[in-house]
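# Results of the structural survey
Letter by letter, the chains look like this.
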Amino acid sequence: MAEIILLTGKAAPLPGSDQSSGIDKHPVDHPLALGPEGFAGDEQADRRVHGGPEKAVHHYPFDHYAAWRDELASLAPSGQPGVSHPRTPAGYLDTKEAFRLLETAGAFGENISTLGLDEGKVAVGDIFRLGSALVQVSQGRQPCWKLNHRFGVGDMARRVQQSGRTGWYYRVLQPGTVAPGDRLELIDRVAPDWTLRRLWHALYVDRLNMTELQGIAALEVLAEGWRRYAMRRLESGRVEDWTKRLEGSP
């Protein structure tokens, strides 16, 4: 069982942007109610694409942070100071600020941080006891352009997508109360062959593998939006354009 760090945040202006975001999450030190829409007191700025029953809780493994520190260190401009906060346009790395973000959980806007669980171990449909609540893995995370501004790296969202270190979401099967230090206890596995790593590989690497796409389209426990991606690829033989999601509106 993995012990959790529990995090929430309020919607606030996103540095280097004219948009707001709830990506800035911080650890809490008290129990929180968890319902179908997420944790009490947690906010998302754009409810069209964030939050909702299929994205009630975001989980990002703290295990990935070391790899990100190494990768971002390789981007730091030699002999040049980083730009100061806020960053406009995103595309430069403020080394000190980026590393500050990666010192503690919350850099990727996660509600739950753990050690010992990652996309290779967790499958779509996995059901966990979390405090007195029951949650089920609903989908992986599709990173968006707000990560570029969060880290001051113009292609951070694309890097997250290409790495497979995306994190994932839960739907809430049974509301309850969750406290810092509670543990995720695996209760059941509905589709253990469909790890998040396999799902990521099918959607972002081997993108027109018809056998895998047919499997995704038929995976009833997967969030409907993700199943539609597979259905559209099967029908059209084409991969959707990710530019707007990864880079933002022109």
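Residues numbered from 1 in each chain as written. Predicted model: local features only at pLDDT ≥ 70, side-chain atom pairs only at ≥ 80, totals over all residues. Heavy atoms only, no water.

## Quick word on the sheet that holds strand β11 (residues 133–140)
Here is the rule: Paired strands, as defined in this entry, are two strands with at least two bridges between them according to DSSP. Runs of H or I in DSSP of at least four residues are treated as helices and runs of E of at least two as strands, each being numbered from the N terminus.
The strand order β1-β14-β10-β11-β12-β8-β9-β2-β5 describes an open sheet built from nine strands, whose pairing is mixed. Lying at the two open borders of the sheet, with one neighbouring strand each, are β1 (2–3) and β5 (26–27). In the sheet, strand β2 (residues 5–8) pairs with β5 via two bridges, with the strands oriented antiparallel. Its bridge partner lying in β5, Thr8 is registered against His26.

## Structural notes on the nonpolar core
If you look at soluble globular proteins, the nonpolar side chains tend to sit buried side by side. For clarity, the cut-off: Among buried residues, the Ala, Val, Leu, Ile, Met, Phe, Trp, Tyr and Cys ones that are joined through side-chain atoms within 4.5 Å form a nonpolar core. Throughout this description, buried means an accessible area under 20% of the type-specific maximum (1.4 Å probe, protein chains only), exposed means over 50%, and partly exposed covers the range between. Throughout, a residue-residue contact means that at least one pair of heavy atoms, one from each residue, lies within 4.5 Å.
Of all hydrophobic cores here, the largest spans 42 residues; its most connected members are Leu34, Phe39, Leu130, Val135, Tyr170, Leu184 and Ile216. When residues in this core are grouped by element, the largest group, six residues, is from helix α5 (residues 196–204). Not counting the four nearest positions on each side in its chain, Leu34 is found in contact with Phe39, Val57, Leu130, Ala133, Val135, Val172, Pro175, Gly176 and Val178. Formed by 18 residues, the second largest nonpolar core is a distinct cluster that contains Tyr65, Leu102, Val153 and Met156.

## Re helix α1 (residues 65–73)
Put simply, the test is: The arc under discussion is defined with respect to the helix axis, by the directions toward the C-beta atoms.
Residues of α1 that are buried include every one of Tyr65, Trp68 and Leu72, and no others. Projected down its long axis, α1 shows its buried positions confined to an angular sector of 55°, all on one face.

## Looking at the pairing of strand β14 (residues 183–188)
The sheet contact formed by β1 and β14 spans two bridges and is antiparallel. Looking across to β14, one finds that Ala2 is bridged to Leu184. Judged from the four bridges that link them, strand β10 (residues 127–130) and β14 form a sheet pairing that is antiparallel. Within the sheet, the bridge partner assigned to Phe128 lies in β14 and is Leu186.

## Brief notes about empty space enclosed by the protein
What counts, and what does not: Here the term cavity refers to a set of points on a 1 Å grid, laid over the protein atoms alone, in which a 1.4 Å probe fits but cannot get out; the term pocket refers to an open set having protein on both sides within 12 Å along at least five of seven lines, with lining residues being those that place an atom within 4 Å of a point. Grid points are joined across faces, edges and corners, and a volume is the space filled by probe spheres set on the points. Each residue gets one of three labels, nonpolar for Ala, Val, Leu, Ile, Met, Phe, Trp, Tyr, Cys and Pro, charged for Asp, Glu, Lys and Arg, and polar for the others, Gly among them.
Counted according to the given criterion, the structure contains one cavity of 30 Å³ or more. By volume, the largest cavity is sized at about 40 Å³. Around the largest cavity sit Glu119, Gly140, Arg141, Thr166, Gly167, Leu196, Trp200, Tyr204 and Trp226, which together line it. Looking at the lining of the largest cavity, the element that brings in the most residues is α5, giving three residues. Grouping the constituent residues of the lining of the largest cavity by class yields four nonpolar, three polar and two charged.

## Describing the packing of α1 against helix α4 (residues 156–163)
What counts here: Where helices are involved, their axes are fitted lines through C-alpha atoms of the stretch in contact, as for all axes, and angles between N-to-C directions lie from 0 to 180°. When an angle is under 35 degrees it counts as roughly parallel; over 145 it counts as roughly antiparallel; between 65 and 115 it counts as roughly perpendicular; any other value is oblique. Throughout, a crossing is termed right-handed when the near helix is turned clockwise from the far one, and left-handed when it is turned anticlockwise from it by less than a right angle.
One way to put it is that α1 packs onto α4 with a least axis distance of 13 Å and a crossing angle of 130°. Viewed along their axes, α1 and α4 adopt a mutual orientation that is oblique. When you trace α1 past α4, the crossing you get is right-handed. Counting all contacts with α1, which are made through Trp68, Glu71 and Leu72, the residues of α4 involved are Met156, Arg159, Val160 and Ser163. Of the residues contributing to the contact of α1 with α4, the split by class is four nonpolar, one polar and two charged.

## Looking at the sheet that holds strand β6 (residues 32–35)
An order of β7-β6-β13 is seen for the three strands of this open sheet, with the pairing classed as antiparallel. With one partner strand each, in any of the chains shown, β7 (38–39) and β13 (176–178) form the two edges of the open sheet. Where β6 lies against β13, three bridges are found, and the strand directions are antiparallel. For Ala33, the partnering residue across the bridge sits in β13 and is Thr177.

## Quick notes on the pattern of salt bridges
What counts is decided by this rule: The rule for a salt bridge is simple: a side-chain nitrogen of Lys or Arg has to be within 4 Å of a carboxyl oxygen of Asp or Glu.
Following the criterion strictly, the structure yields 13 salt bridges and no others. Here Arg150 makes a salt bridge to Asp24, at a shortest N to O gap of 3.2 Å. Linking Arg150 in helix α3 (residues 146–151) with Asp24 in the loop between β4 (20–21) and β5, this pair joins segments that are 126 residues apart in sequence. We classify Arg150 as buried; its relative accessible area is 11%. Judged by relative accessible area, Asp24 falls into the partly exposed class, the value being 35%. Of the charged contacts in the structure, one is a salt bridge between Lys25 and Asp42, with a shortest N-O distance of 2.7 Å. Taken together, the residues Lys25 in the loop between β4 and β5 and Asp42 in the loop between β7 and β8 (57–61) connect sequence positions 17 residues apart.

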